[in-house]
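What the coordinates show
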Amino acid sequence: MLEWIARGLHKRRVTTPYPRREEPALPGFRGSLTVLDPLNARGELARLCPTAAIAVDAQHRLSVDRGRCILCGSCVDAAPERFAFDHRYETAARTRSALTVPEDTDAALEPLRATLAEQARALRRSIHVRHIDSGSDGSEEWEIQALWNPYYDIQRLGFFLTAAPRHADVLLVTGPVTTAMRQPLQRTWQVMPEPKALIAVGTDACSGGLTTSGELAAGGVDAVLPVDVYVPGSPPAPIAIMHGLLLATGLLADSPLGVPA
Amino acid sequence: MTATIQDPTRRPAFLPGHLDAVREAAPPAELRLRVGAPDFDSAARAIKDAGARFVTIFLADTPELSLVGVFALHGELIMVRAPAGDSDPLAATAIGDWWPAARWPAQELRERHDRAGSSVPAQRRLTAPDADLLDRRVHGLDVFTIPYGPVRSGIFEAIQFQIETGGEDVPQIQTRPFFKHRGREARFVGLSPTDGVYVAERVAGIATVAYATAFAQAVERALDVAAPARAQRWRAVYAELERMACHLDVIAKEAETTALYVGQARFQILKEQVMRLRARLTGSRFARGIIVPGGVRREGAVDLDELLAAVEELERDLRRDRRLFRNTASMTDRLIGAGRLDRTLVEDYCAVGPLARGSGLSTDARHERPYGDYERLGLRVITHRDGDAMARVNVRFGELAESLRLLRQGIDHLRRHDGALTNPLPAGRGGAAFGWAEAPQGELVIWVEIRDGLLHRVHIASPSLRNWALFDHAFPRDVLTDFAFIEHSFGLTPAGADR
């Protein structure tokens, strides 16, 4: 056992300083998709996307719904003058519409459900997190688990994992909500005490992603339950999920999404 | 792919003389036999008796609607095809009744094919699980059933185990998959092969590279193109990094379960290093969006010297942590003897991957039917005979070292040979073929049908579904507190099983 301790001490500190300081993304990391030039776009550009995340409106304005984007890069390869990857981790947003870039200035802001955020300060940074898988591909689970590894160590920020939904403040949901998981998900949410927040983790949870909506899956968590924070990505990086948790609990102000870093 | 020219008139020796079977043209390492529907089961039985391993059963639609059984024997994939004609294609077989390995796949096929009028009672239905429907029959005094899942403690994928226990002993476990079924196979239909790979990558996310590679190779074999050698080398590099990440994840979880927290942290650090290396190489922590049918999209974005240095650092750290892990009695005591699977049981269920190799079977798709760069890389198949959780962990430790060795070889090949990264796919063509890869969970086989350049039908035989059926038998002498150790030692993913 002493040898293990020596081994642990031997490794220098690896924990990220985030959110005290920014964690720069690894070079080339595909964090989110961004539109370089939205004007005078041809309608065919929309057909580049396998999940219909790209839209071209009547004024030939191009937009991307990050909640649908699976970061495959088909559009970046085909039209590099229009699309590019944003090399950063923070992708979470508090409304579904805020995931569309460039932001539509005319869209009415959806009302924010910020009850937990308001009361989080009273919780003195002791927030209990519960996870439920509603049909993910398994990669989101790995990235959530990573939050408790030495690199991210989210416990230092006061986030604890709890097995009981009755003790949970935050529910992390992955997957597009399959038919068999719909009722277990609803029940888990019901038994959680107020105030509580729900975070949709991953593109599948935000919109269904590549999963066909219908008989087998609901096409995103917000078709079943109200979502407080969306973390798009296929899968989102651990820092992105951490960003979502901090947003949901009011420990971090909204990031200026849509403005390239 | 071995470049042997097949003699179409050669009749396989394992078929009984009275059986009418026609040999059909097939890509290398595949043997395709057409039989009449009444002969399907006797052909399958003859193949079983010859020592074959069951792979999957499904309905194919090329060249016509047929019931297809797939088996692995002597470095070949044997496909037995019974055209349906006007009759019910499933009427031809009862394979699930006499071959344990075929039970789940055959039941899944039957339930999906005949959804409306299923004669299976709701509690016994495999593909439409209801978390509340418990099988209340228990065996013995003071025995009760714990429904564990689909919402589980900790961060785990959704699956349910109905655990019969009196508190300590576990007389029976019933695994219920398919809570996560989201219709992945149907999602392929109508897509171009290039878009199809995005679906393949998201069947079982932790095995992204294996699924992308098996799918891409199926497309390449169906359209008779080959990925360039350099693309195959990169695929093998990504595949071995993926194997390392999955194996390190299993070992970290075993350490967590024993509350060996420094050990857990050490293996999590190693796994995170692999994830970051993949992110730097490909832009994705799971190496997504890099493999395409016909090759790979681009070069790895890390200088080869730097890649080699990263591999060497992993090698150094891993060697020490492995020695410590194996010398920590509180760790090994929980694993030795836990969840012992007899070799005969593993053979009956035709298990694959580290699970099979931990019970003494040397099955490995990279070795049985070498594909891509594995035709050139010298692979050592790691096996242990004990069949317990320790053996499965030891197989993974052995394979971690082997992956690092293969990575060194791969880097060396990449350094010495230059070349193209993709070969174009012929437009508008059709074809049908199998592709395979050894995923970290075991052998993965994907069947792809292409018509006019678009995907017509895709079938996935995932290692997780095949291995999970064994979980119900993994508690011969174990108690409830061994559950987590045994589950982690299986190292499977519900996303892959449920599709």
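Since the model is a prediction, treat every value here as computed from it, not as a measurement.

Notes on the overall build of chain B
In terms of helices and strands, chain B carries 17 helices and 13 strands. Relative to its length of 499 residues, chain B is compact, with a C-alpha radius of gyration of 22 Å against a globular reference of 23 Å. Referenced to the eigenvectors of the C-alpha coordinate spread, the extents of chain B come out at roughly 65 × 60 × 40 Å. Residue burial in chain B is summarised as follows: out of 499 residues, 53% are buried. Partitioning the intrachain contacts of chain B with sequence separation of at least 6 by distance along the chain shows that 68% fall at a separation of at least 24.

Brief notes about the nonpolar core
Of all hydrophobic cores here, the largest spans 219 residues; its most connected members are V173(A), I199(A), F215(B), I446(B) and V448(B). Per element, the largest residue contribution to this core is 15 residues, and it comes from helix 7 (residues 229-257) of chain B. Formed jointly, this core draws a minimum of three residues from each of two domains, domain 1 (21-103) and domain 2 (190-463 + 471-493) of chain B. Residues within four places of I446(B) in sequence aside, it is in contact with A214(B), F215(B), A218(B), F434(B), G435(B), V458(B) and I460(B).

Thoughts on the confidence of the model for chain A
All names here are of chain A. Overall, the predicted model of chain A reaches an average pLDDT of 84, with 87% of residues at or above 70. The weakest mean pLDDT in chain A belongs to helix 3 (residues 115-120) at 58; the strongest belongs to helix 4 (residues 139-146) at 95. Counting interchain partners and residues more than four positions distant, the pLDDT-below-50 stretch residues 106-113 has 6 contacts.

Observations concerning the packing of helix 7 of chain B against helix 16 (residues 483-490) of chain B
When two helices pack together, their arrangement is given by the angle between their axes and by how far apart the axes lie. All names here are of chain B. Two elements in contact, helix 7 and helix 16, have axes whose closest approach is 9 Å; the angle formed by their N-to-C orientations is 175°. Between helix 7 and helix 16, the interaxial angle falls into the category roughly antiparallel. Contacts from V250, K253, E254 and T257 of helix 7 reach helix 16 at A484, F485, H488 and S489. Within the contact of helix 7 with helix 16, the residues separate by chemical class into 3 nonpolar, 3 polar and 2 charged.

Focus: the domain arrangement of chain B
Interface extent is often summarised as the accessible area lost during association of the parts. Residues and elements named next belong to chain B. For chain B, the assigned domains are domain 1 (21-103) and domain 2 (190-463 + 471-493). Inter-centroid distance (C-alpha atoms) of domain 1 to domain 2 is 27 Å. A breakdown of the residues in the side of domain 1 that touches domain 2 according to their chemical character gives 11 nonpolar, 3 polar and 3 charged.

A closer look at the sheet that holds strand 12 (residues 442-451) of chain B
The pairing of strands in a sheet comes from backbone hydrogen bonds and takes either a parallel or an antiparallel form. Residues and elements named next belong to chain B. Strand order across the open sheet formed by 3 strands is 11-12-13, with antiparallel pairing between neighbours. The strands lining the two open edges of the sheet, one partner per strand, are strand 11 (431-439) and strand 13 (454-461). Adjacent strand axes in the sheet meet at a mean angle of 20° when their direction is disregarded. With 7 bridges connecting them, strand 12 and strand 13 associate as antiparallel partners. The partner of E449 across the bridge, within strand 13, is R457. Strand contacts of helix 6 (residues 208-223): strand 11 and strand 12, with the helix running at about 150° to strand 11, the strand carrying the most contacts.

Some remarks on the environment of R187(B)
Its place among the elements puts R187(B) in helix 4 (residues 184-187). In sequence terms R187(B) and T175(B) are 12 residues apart; their C-alpha atoms lie 26 Å from each other. If sequence neighbours within four positions are ignored, R187(B) has contacts with L210(A), T212(A) and V199(B).

Some thoughts on the pairing of strand 8 (residues 172-176) of chain B
Relative to strand 8 of chain B, strand 7 (residues 160-165) of chain B runs antiparallel, the two being bridged by 5 bridges. Note on strand 8 of chain B: the bridge partner recorded for E164(B) is Q172(B).

Thoughts on the pairing of strand 1 (residues 32-35) of chain A
Residues and elements named next belong to chain A. The alternating pattern of strand 1 places S32 and T34 and L33 and V35 on opposite faces, both of which are buried. Note that strand 1 and strand 4 (residues 83-86) share 4 bridges and pair antiparallel. When the sheet's bridge partners are listed, L33 is paired in strand 4 with F85.

Overview of the environment of L444(B)
Within the element layout of this structure, L444(B) appears in strand 12. Ignoring anything within four residues of it in the chain, the contact list for L444(B) reads A210(B), Y211(B), A214(B), W436(B), A437(B), A439(B), S462(B) and P463(B).

Cut-offs used in this document
Residues numbered from 1 in each chain as written. Chains lettered and ligands numbered in written order. Predicted model: local features only at pLDDT ≥ 70, side-chain atom pairs only at ≥ 80, totals over all residues. Helix = DSSP H or I, 4+ residues; strand = E, 2+ residues; numbered from the N terminus. Rg over C-alpha atoms; globule rule 2.2 N^0.38 Å. Buried ≥ 20, exposed ≤ 12 C-beta atoms within 10 Å, placed from the backbone. Contact = placed C-beta atoms within 7 Å. Core = buried A, V, L, I, M, F, W, Y, C linked by C-beta atoms within 7 Å. Domains from an automatic or database assignment. pLDDT = per-residue confidence, 0-100. Axes fitted to C-alpha atoms, helices over the stretch in contact; angles between N-to-C directions. Parallel < 35°, antiparallel > 145°, perpendicular 65-115°, else oblique. Nonpolar A, V, L, I, M, F, W, Y, C, P; charged D, E, K, R; others polar. Pairing = 2+ DSSP bridges.

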